[in-house]
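One-letter residues, chain by chain:
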Amino acid sequence: MSAPLTQEHLTLTSPAAAKMSELFSQVDDSIQGVRVFATSGGCHGIGFGMTFTDEINDDDGVLACDGFKVVVDDGTLDHLRGVEIDFVENAEGQATFVFNNLPQPAGGGCGSCGSNSGGGCS
């Protein structure tokens, strides 16, 4: 059975929760939640992404929000503890989800990435 997540594990800002709720209302009823996942981020360590999921596994953590669920597997949760997900729009009208308070990788990466949101070197 999946385990409930708390604010200690993961938080969403009001703009992020509102945008996820809006997006979730536009998907098929078979969608169970928004899955947050970890990917290899090159020299900077771990990167994160999100996708809709139609399945919640027994080893997933679930953060129940108003109108949707955020789903995180055990392996990803180890990297997300204390992270805040925000939704920001810039002056040009571009918008994106941002992961704040990410733990810094040991060793400091290559030093040329200049990003705290994962990704490779340029």
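Please read all numbers here as calculations on a predicted model, not as lab measurements. (Residues numbered from 1 in each chain as written. Predicted model: local features only at pLDDT ≥ 70, side-chain atom pairs only at ≥ 80, totals over all residues. Heavy atoms only, no water.)

Draft legend 1. Representation of the overall build of the chain within the structure. Broken down by element type, the chain carries 2 helices and 8 strands. When the helices and strands of the chain are listed from N to C terminus, the series reads β-β-α-β-β-β-β-α-β-β. Burial analysis of the chain (122 residues in total) assigns 32% to the buried set. Within the chain, counting contacts between residues at least 6 apart in sequence, those at least 24 apart form 54% of the total. Total accessible area computed for the chain in this model is approximately 6,900 Å², and 47% of it derives from carbon and sulfur atoms. (Helix = DSSP H or I, 4+ residues; strand = E, 2+ residues; numbered from the N terminus. Buried < 20%, exposed > 50% of the residue type's maximum accessible area, 1.4 Å probe, protein only. Contact = heavy atoms within 4.5 Å. Areas by Shrake-Rupley, 256 points an atom, 1.4 Å probe, with all protein chains shown as cover.)

Draft legend 2. Layout of helix H1 (residues 14-24). Three or more residues of H1 are buried, namely Ala16, Met20 and Phe24. Looking straight down H1, one finds that the buried residues subtend no more than 65° of arc, so they occupy a single side. Where H1 is buried, its residues contact strand E2 (10-12), strand E3 (33-40), strand E4 (46-53), strand E6 (68-73), strand E7 (83-89) and strand E8 (95-100). (Arc of directions from axis to C-beta.)

Draft legend 3. View of the packing of aromatic side chains. On inspection of all chains with the given rule, the structure shows 3 aromatic pairs. For the ring pair phenylalanine 24 and phenylalanine 52, a centre distance of 6.5 Å and an interplane angle of 50° mean the geometry is tilted. Note that phenylalanine 24 is positioned in helix H1 and phenylalanine 52 in strand E4, a separation of 28 residues in sequence. Using a relative accessible area of 15% as the deciding quantity, one classes phenylalanine 24 as buried. Look at phenylalanine 52 and you get partly exposed, because its relative accessible area is 35%. (Phe/Tyr/Trp six-rings, centres within 6.5 Å; stacked < 30°, edge-to-face > 60°.)

Draft legend 4. A negative patch on the surface, seen in detail. Taken together, the side chains of Asp58, Asp59, Asp74 and Asp78 define an acidic patch exposed on the protein surface. Along the polypeptide, aspartate 59 turns up in the loop between E4 and strand E5 (60-65). Judged by relative accessible area, aspartate 59 falls into the partly exposed class, the value being 43%. (Patch = residues over 30% accessible without salt bridge, like charges linked within 9 Å, V, L, I, M, F, W, Y side chains within 5 Å. Salt bridge = Lys/Arg side-chain N within 4 Å of Asp/Glu carboxyl O. Lys, Arg positive; Asp, Glu negative; His and termini not counted. Charge placed at Lys NZ, Arg CZ, Asp CG, Glu CD.)

Draft legend 5. A look at the nonpolar core. Of all hydrophobic cores here, the largest spans 21 residues; its most connected members are Leu12, Val70, Val72, Ile85 and Phe99. Elements with a contribution of two residues or more to this core: E2, H1, E3, E6, helix H2 (74-80) and E7. Those residues in contact with valine 72, other than ones at most four positions away along the chain, are Leu5, Leu10, Val36, Asp59, Asp60, Gly61, Leu77 and Leu80. (Core = buried A, V, L, I, M, F, W, Y, C linked by side-chain atoms within 4.5 Å.)

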